[in-house]
Amino acid sequence: MNDSTVTDCPASPALKLKKRSRDPVLTQRLAFAFLFVSTLLIIVPVGLIIVIIVQKGLPGITWQFLSDIPRQGMRSGGIFPAILGTIYLVSGAIVFALPIGLLSAVYLSEYARGNFLTRLIKLAIVNLAGVPSVVYGLFGLALFVTFFKFGASILSGALTLGIMILPIIITASLEALESVPHSFREASRSLGASRWQTIRYVVLPNAISGIITGTILGLGRAAGETAPILFTVAAFYLPQLPGSIFDQVMALPYHLYVISTQVPNVDEKIRYGTALVLLAMVLFMNLAAVVIRCRFRKKKKW
Amino acid sequence: MRKLKEFLIEKLILFCGLASIFFVVLIFLFLLKEGLAVFKTVTPPQFLFGKSWYPISEPPHLGILPLILGSLMVTLGAALISIPIGVACAVYIAEVAPLKIKEILKSGIELLAAIPSVVLGFIGMVTLVPWIKSIFHLPTGLTALSGAVMLAFMAMPTIVSIAEDALYSVPKTYKEGALALGATHWQAIHRVILPAASSGIMAAVMLGIGRVIGETMAVMMITGNAAVIPHSILQPVRTLTATIAAEMGEAVVGSEHYFALFAVGIVLFVISFIVNVGADLFLHKKEQ
């Protein structure tokens, strides 16, 4: 295209756009190609990571690997104490975070007015979500381990993880509660139900899927985090199982960190196997959340 | 009786509603409680701009400039890589991709967000680090560059999903107007949709960078952890986060080293606070 074809109607905005790039169609093709390549640059490595871990980790997964304690300085044996430790920590975190998170979401959706306090709470949630995970570790160390004298224990670790996943649970629950139509509440109130009865028997049952989804996503996040448990609970090497919530435990993410950086000459099979177990655990939870979300969405009556 | 029960429940709900504020304040107070003690030995400028970090020498050198520069170098590198690619990916998902592929791409991004950082660090160690070592003929692949690439990757889910939300919330009529005036699809994206979504995209970028600054495990595993002032992106560096994670285990409770690590925590907390409040302002600007 040459310039002479563009000059006959300079006032038209479309032609003004044209003037800046000689051939808009070609420009569009190039631009879209760039967008596409960028997308591939993100998506392809994600696929590769999963494929590599599954491919190299799968041969190492045996019943013995999953059920045995680590042996010979973690160079052989299994990872059972780490799996169990992570399950304990995640359960503890959710027991702490779910009630507080859920009630906090109820407050924001049902009671809060659009005032300064509400804005402040929302800002606090955003900030809580943005605090670096290692800072949670410091906080847990200062408050639970040192100040409350819980020591490095399941209790300290679970509470630290619980506070870390609080914003996830609040945000997801809030979204679920807010998606319940207003007319449901009005109908309930007009039948004489009190505010709390309305929440308890109308709003919460209708929001349950979103709440469960948020909870599972919180679980997944808690299972994968390492930095918050570094100084609050995680044991480098602890072949026996914990006896109480005041004991230290091994945890999967920390164990993976230890055998890939701190212990030399660990068999590749064990390292990839551990990575696969951790990844599978986290992805399974995410998948469960997606499935629940889809299933309930289909059932929705409004 | 029932009235009393409801009264108590409503008070409990209010109490939990305030929990987030309570915890943010509590975190900050406890960081201050443990961290401020370091300023008995060093002044704040000495701490922030001191050029050497030898926390266990006698007397200890507690200057965190090398750590700040390490964090800065890795973060800048990650931002340079992740912002263009992440925003481009968001535009592709929001505007260009066919509906079916869109869902697949979105779940791919969600998948990436779900992978624990220690797993990404591990994968970085066994793939990225050897590549960088052989491409640049370095003695070690554990460099700031490796960290920047990995962190760019980890910032993607944040940047893509928030930027995509922002693009999606641009009114359809804007695009239709541009197309009706004869603009091509790309011209409409470039000149109309992107500017209209700019504050949301800014927020996405800020939150992505916030994620990068706070990232700990992956960065500790692949940047080499040398607490010296870096001169090139192909050198090992140590970030603020990695310093805390690597050294807190050995620091004696109540020692200068221990206080200094908490003071590093204060620095991180303040940075993340500024980033998050800033991003929140951008998001609210969009709403008005």
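Here, every reference points to the structure presented above.
Residues numbered from 1 in each chain as written. Chains lettered and ligands numbered in written order. Predicted model: local features only at pLDDT ≥ 70, side-chain atom pairs only at ≥ 80, totals over all residues.

Assigned secondary structure in chain A consists of 12 helices and two strands. Of the regular secondary structure in chain A, the N- to C-terminal order runs α-α-α-β-β-α-α-α-α-α-α-α-α-α. For 302 residues, the compact-globule formula gives about 19 Å, and the C-alpha radius of gyration of chain A, at 26 Å, lies well above that figure. The burial tally for chain A puts 47% of its 302 residues in the buried class. Residue pairs in contact within chain A that sit at least 24 positions apart in sequence constitute 75% of those at least 6 positions apart. (Helix = DSSP H or I, 4+ residues; strand = E, 2+ residues; numbered from the N terminus. Rg over C-alpha atoms; globule rule 2.2 N^0.38 Å. Buried ≥ 20, exposed ≤ 12 C-beta atoms within 10 Å, placed from the backbone. Contact = placed C-beta atoms within 7 Å.)

Quick look at the overall build of chain B now. Within chain B, the secondary structure is distributed over 13 helices and two strands. Principal-axis analysis of the C-alpha atoms gives chain B an extent of 75 × 75 × 35 Å. Expressed as a percentage of its 288 residues, the buried residues of chain B come to 53%. Look at the contacts in chain B between residues 6 or more apart in sequence, and 72% of them connect residues 24 or more apart.

Compared with the 46 Å implied by 1.5 Å per residue over 32 residues, the 44 Å span of helix 4 (residues 65-96) of chain B between its first and last C-alpha is a close match. Roughly 30 degrees is the biggest bend found in helix 4 of chain B, and it falls at B:Ser82, with proline B:Pro84 one to four residues downstream. (Expected span 1.5 Å × (residues − 1). Bend = angle between axes of the 7 residues up to and from the residue.)

Here we take up the interface of chain A and chain B. Contacts between the two partners involve 71 residues from chain A, matched on the other side by 68 residues from chain B. Among the elements that make up the side of chain A that touches chain B, the one with the highest residue count is helix 2 (residues 24-57) of chain A (18 residues). Its residues assigned to classes, the side of chain A that touches chain B comprises 54 nonpolar, 16 polar and one charged. (Nonpolar A, V, L, I, M, F, W, Y, C, P; charged D, E, K, R; others polar.)

In this section: the nonpolar core. Judged by nonpolar contacts, the single largest core of 197 residues is most densely connected at A:Leu89, B:Val119, B:Leu151 and B:Ala163. If one sorts the elements of this core by residue count, helix 7 (residues 144-168) of chain B sits on top with 17 residues. Apart from residues lying up to four places away in sequence, A:Leu89 is in contact with A:Ile154, A:Gly157, A:Ala158, A:Leu161, A:Ala222, A:Ile229, A:Val233 and A:Ala251. (Core = buried A, V, L, I, M, F, W, Y, C linked by C-beta atoms within 7 Å.)

So, on to the environment of A:Ala158. Residue and element names in this part refer to chain A. Note on placement: Ala158 falls in helix 7 (residues 154-178). Sequence separation between Ala158 and Arg185 is 27 residues, and the spatial gap between their C-alpha atoms is 36 Å. In contact with Ala158, other than residues within four places in its own chain, are Leu89, Gly92, Ala93 and Phe96.

We now examine unusual backbone geometry. Residue and element names in this part refer to chain B. Of note, the phi angle at His137 is positive, near 50 degrees, even though the residue is not glycine. Residue position: His137 is located in the loop between helix 6 (117-135) and helix 7. Its 7 C-beta neighbours within 10 Å are what place His137 among the exposed residues. Phi at Asn225 is positive, roughly 55 degrees, even though this residue is not glycine. Among the structural elements, Asn225 can be located in the loop between helix 11 (217-222) and helix 12 (240-247).

Residue and element names in this part refer to chain A. Relative to each other, helix 5 (residues 116-130) and helix 7 sit at 135 degrees, their axes nearing to 8 Å. One way to sum up the angle between helix 5 and helix 7 is to call them oblique. For the pair helix 5 and helix 7, the sense of crossing is left-handed. Along the contact surface, helix 5 presents Ile125, Leu128 and Ala129, while helix 7 presents Leu166, Pro167, Ile170 and Thr171. In terms of residue class, the contact of helix 5 with helix 7 is built from six nonpolar, one polar and no charged. (Axes fitted to C-alpha atoms, helices over the stretch in contact; angles between N-to-C directions. Parallel < 35°, antiparallel > 145°, perpendicular 65-115°, else oblique. Left-handed = near helix turned anticlockwise from the far one by under 90°.)

All names here are of chain A. In this structure, Asn265 sits in the loop between helix 11 (252-262) and helix 12 (268-299). Residue classification places Asn265 among the exposed positions, given that 6 C-beta atoms sit within 10 Å. Spatially, the C-alpha atom of Asn265 lies 49 Å from that of Arg297, the residues being 32 residues apart in sequence.

A separate point is the packing of helix 2 of chain A against helix 4 of chain B. Where helix 2 of chain A meets helix 4 of chain B, the closest approach of the two axes is 8 Å, and the angle between their N-to-C directions is 110 degrees. The pairing of helix 2 of chain A with helix 4 of chain B is recorded here as roughly perpendicular in orientation. As helix 2 of chain A runs across helix 4 of chain B, the sense of the crossing is left-handed. Listed contacts from helix 4 of chain B to A:Phe32, A:Phe34, A:Leu35, A:Phe36, A:Ser38, A:Thr39, A:Leu41 and A:Ile42 of helix 2 of chain A are B:Ile85, B:Ala88, B:Cys89, B:Val91, B:Tyr92 and B:Val96. Residues that form the contact of helix 2 of chain A with helix 4 of chain B fall into these classes: 12 nonpolar, two polar and no charged.

These figures capture arrangement, not role.
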